Amino acid sequence: MIRVTIYNEYVHEREDEAIREVYPEGIHMTLKQQLEDEEITVRTVTLDDLPDGLSDEVLAETDVLIWWGHIRHREVPDEVAQRVQQAVLKGMGAIFLHSAHHSKPFRLLMGTSCNLTWREDGDSELVWVINPAHPIAQGIGRFIKLEHEEAYGEPFTVPEPDELVFIGTYDGGEVFRSGCCYRKENGRVFYFQPGHESYRTYHHPDVIRVLKNAIHWANPIYRVPELVCPHVKKPLED
């Protein structure tokens, strides 16, 4: 089994009736219900559960962490962000969704501001598959059509992705690197842009297919208990 932990702020769904209608039990529970299968098991954590909800012990028992955050990024303790960063460097996989581009752990891993342009007008979006041979794109056609999504636009101030899987285009003309893959030391990171809280993005079967593919792609291949810089006292050959 691939052990997945989903972190969700769980703020919008409790404070806004319209959003609660879209995600009655929270984005985290909607994702859990759709992602769990015979190969994937899911636990959920919300902002109220921090810091202990993402302790070193929890992260050690997590193969892939999925992160959704928006208006409460600053309330995530720095120690939690650092734990996540270290866990990824040791080999844990991580998937950052939508506005998690500004989350503390994503910024730590990227080492940049991770800024972008944005506009919320309910545009439709086409998420184009530009790397159809990539494991994360398997089972998806030429594009995913989302009837409504928050428009993100370039420049997206992240490091050049190791692999770019998707590009999004919007009614208003914006273009955005919507699916970015990174290898960070021993771990794999995937950023996936769709997922504004007001829209039914996480009810779309192709979006769920992408996330399942990403879980399998990010599942650790190699994981170390600690990061070390060993001092070798003798040469390899005497």
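Structural data are supplied above this passage.
The paragraphs below set out a description of the structure included in this document. Just so it is clear, the model here is predicted, and its values are computed rather than measured.

### Some words on the sheet that holds strand β4 (residues 93-97)
Taking strand neighbours across the sheet as the criterion, the 9 strands line up as β2-β1-β3-β4-β11-β10-β9-β6-β7 in an open arrangement whose pairing is mixed. Looking along the sheet, the strands with just one partner apiece sit at the ends: β2 (40-46) and β7 (143-146). For this sheet the average axis-to-axis angle between neighbouring strands, irrespective of direction, equals 15 degrees. Pairing of strand β6 (residues 125-129) with strand β9 (residues 163-170) involves 5 bridges; the strand directions are antiparallel. Residue pairing across strands places V129 opposite F166, the latter belonging to β9. In this fold helix α3 (residues 27-35) packs onto β1 (2-8), β2, β3 (64-68) and β4, with an angle of close to 175 degrees to the strand it touches most, β2.

### Observations concerning the packing of aromatic side chains
Taken as a whole, this structure holds 10 aromatic pairs when the rule is applied. Ring centres of Y23 and Y202 lie 6.3 Å apart, and the angle between their planes is 50 degrees; this geometry places the pair in the tilted category. Taken together, the residues Y23 in the loop between α2 (17-22) and α3 and Y202 in the loop between β11 (187-192) and α7 (205-218) connect sequence positions 179 residues apart. Like Y23, the residue Y202 is buried in the burial classification. A connected cluster of aromatic rings, assembled from ring pairs, spans F96, F106, Y152, F156, F176 and Y191.

### Some points on the side chain of H134
Within the secondary structure, H134 sits in the loop between β6 and β7. Not counting residues within four places of it along the chain, the set of residues in contact with H134 comprises E163, V165, C181 and W217.

### Section: α3
Counting buried residues in α3 gives 7 out of 9 residues, a clear majority hidden from the surface. On the buried face of α3, the contacting elements are β1, α1 (12-15), β2, β3, β4 and α7.

The rules behind the values
Residues numbered from 1 in each chain as written. Predicted model: local features only at pLDDT ≥ 70, side-chain atom pairs only at ≥ 80, totals over all residues. Heavy atoms only, no water. Pairing = 2+ DSSP bridges. Helix = DSSP H or I, 4+ residues; strand = E, 2+ residues; numbered from the N terminus. Axes fitted to C-alpha atoms, helices over the stretch in contact; angles between N-to-C directions. Contact = heavy atoms within 4.5 Å. Phe/Tyr/Trp six-rings, centres within 6.5 Å; stacked < 30°, edge-to-face > 60°. Buried < 20%, exposed > 50% of the residue type's maximum accessible area, 1.4 Å probe, protein only.

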